[in-house]
Amino acid sequence: MTKTYHAWAIPRYGCPEVLEPVTPPRHPPTGRQLQIEIKASAVTRADCMMRAGVPRFARAFLGLSRPRNNLVGTGLSGVITAIGPGVKRFAVGDAVFGESGLSFGANASHICLEEDALLLQKPDSLPHAQASTLCDGPLTSLHFLTQVAQLHPGQRLLVLGGSGSLGSAAIQIARHLGAEVTATCSTRNAAQVSALGAQQVIDYTRLDIADTAETFDVIYDTLGASSFGRLKHNLAAGGRYLCPVLDAKLLCAALATWLLGGRWAQFSAAGLQPVHQLRDLLTQLLVLTRSGALTPLMDRHYGLDELIAAHRYVDTGRKVGNVVVMGSRPGSTTQSQPLPAPPPPAIPDAKDRDQG
């Protein structure tokens, strides 16, 4: 009898209800493949955008009527249960975390990935739930702040969307880098964002930063909630507006500022960087988590059979930090369980930072 595993497919673009549970055959790994039993997987805003097929121009790359690789989910953490004969870096029983990339399929009970995929050994001290989220907000924000903005001590950073997966990670990373951090969020999340390390918290429901004369060296718009044109006057000379959400307006601004200079609008597809570069960034994130400089902010978890509910929740735009799917089989957890709040991250002082 052929073994199967549990996964979720996107038969067509649309609302969360289009998600469909499937049980594909589970073939033994060959060559340099790893079979991983997934203990936790992330449910991200990017996953929901792919499911909905937005922005629409992305369908030219993903698939016109549905994603060509139509299994959902990328970030994961689990345990290797079988390996192909050519595997050298890992062994059966190893706990690993990382992402499936454009193969997708992480919101599942099992997955088969190549040994050279974006995977690292998971430390025992890092829970599967937190590990499964590192390739979303933390990896993206580390890429933007260090590779794109090249943020350095003393610079002023504005994070738009400070309570989300990207924003909460960016605050902690930027403080570790020695930047002065201002972040926006709603009233209900202000205390949490302050605890993450933001020195100034702006309630966007009461004050629009574009209506002020405050200036920043870097503006990191984690949600695409504003635009370069709207915030250009809030950038210092040579300042950078960064956004991971590409649309026509950002593309035009990026091209124009690349030609004219002065102040810059920049986009980068973090997940499309070479795997060896992403592995280096992921290794840096492990160092930050071990030191206490970064603690992924967790919102709630769902069971594997509750992925539709998880997508509905992420679609509300009200998640705080990260949402995960727990368990390697349907019904293994109860619905919508809040995750315990982690302790506030340790923010090294300037002396500690100078010593690396």
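Below or above, wherever it landed, is the structure these notes cover. Just so it is clear, the model here is predicted, and its values are computed rather than measured.

Right, let's get into the packing of aromatic side chains. In the structure shown here, the tally under the stated rule is two aromatic pairs. The lysine or arginine in question, Arg300, covers the ring of Tyr313, its NZ or CZ lying 3.9 Å from the ring centre.

Bringing the pattern of salt bridges into the picture now. This structure, assessed with the given rule, holds eight salt bridges. Its salt-bridge partner being Lys39, residue Glu37 comes within 3.3 Å of it at the nearest N-O pair. With a relative accessible area of 21%, Glu37 lands in the partly exposed category. The salt bridge involving Asp203 is made with Arg206; its shortest N-O contact spans 3.5 Å. On the accessibility criterion, Asp203 (14% relative accessible area) is buried. A relative accessible area of 71% means that Arg206 is categorised as exposed.

Now for the sheet that holds strand β9 (residues 180–185). Spatial strand order, β10-β9-β8-β11-β12-β13: six strands in an open sheet with parallel pairing. Two strands lie at the open edges of the sheet, namely β10 (200–203) and β13 (264–266), each paired on one side alone. Here the strands of the sheet are splayed against their neighbours by 15 degrees on average, with no regard to which way each runs. In the sheet, β9 pairs with β10 via four bridges, with the strands oriented parallel. Within the sheet, the bridge partner assigned to Ala183 lies in β10 and is Val201. In the packing of helix α8 (residues 248–260) onto the sheet, the strands contacted are β12 (235–242) and β13, and the crossing angle to β13 comes to about 135 degrees.

For the rest of this paragraph, the subject is the nonpolar core. Leu145, Leu157, Ile171, Tyr220, Leu282 and Leu285 are the most contacted members of the largest nonpolar core, which totals 42 residues. Put simply, the parts of the chain that give this core at least two residues each are α4 (137–148), β8 (156–160), α5 (165–176), β9, α6 (190–196), β11 (216–221) and α9 (275–291). Counting residues in each nonpolar core, the second largest holds 19 residues, with Met50, Leu304, Val323 and Val325 among its members.

Look at α4: 15 Å from first C-alpha to last across twelve residues, which is about the 16 Å you get at 1.5 Å a residue. Every buried residue of α4 is listed here: Gly137, Pro138, Leu139, Thr140, Ser141, Leu142, His143, Phe144, Leu145 and Val148. Those residues of α4 hidden inside the fold are in contact with β8, α5, β11, β12, β13 and α9. Positive phi appears at Gln150, one or two residues downstream of α4, with a value of about 50 degrees.

What follows covers the environment of His128. Among the structural elements, His128 can be located in helix α3 (residues 128–131). Look at His128 and you get partly exposed, because its relative accessible area is 21%. Sequence separation of His128 and Lys39 is 89 residues, and the distance between their C-alpha atoms is 6.4 Å. Setting aside residues up to four positions removed in sequence, His128 forms contacts with Lys39, Ala40, Ser77, Gly78, Val79, Ala95 and Lys122.

What counts, and where the lines are drawn
Residues numbered from 1 in each chain as written. Predicted model: local features only at pLDDT ≥ 70, side-chain atom pairs only at ≥ 80, totals over all residues. Heavy atoms only, no water. Phe/Tyr/Trp six-rings, centres within 6.5 Å; stacked < 30°, edge-to-face > 60°. Lys NZ or Arg CZ within 6 Å of the ring centre and 35° of its normal. Salt bridge = Lys/Arg side-chain N within 4 Å of Asp/Glu carboxyl O. Buried < 20%, exposed > 50% of the residue type's maximum accessible area, 1.4 Å probe, protein only. Pairing = 2+ DSSP bridges. Helix = DSSP H or I, 4+ residues; strand = E, 2+ residues; numbered from the N terminus. Axes fitted to C-alpha atoms, helices over the stretch in contact; angles between N-to-C directions. Contact = heavy atoms within 4.5 Å. Core = buried A, V, L, I, M, F, W, Y, C linked by side-chain atoms within 4.5 Å. Expected span 1.5 Å × (residues − 1).

No statement about biological role is implied by the geometric values presented.
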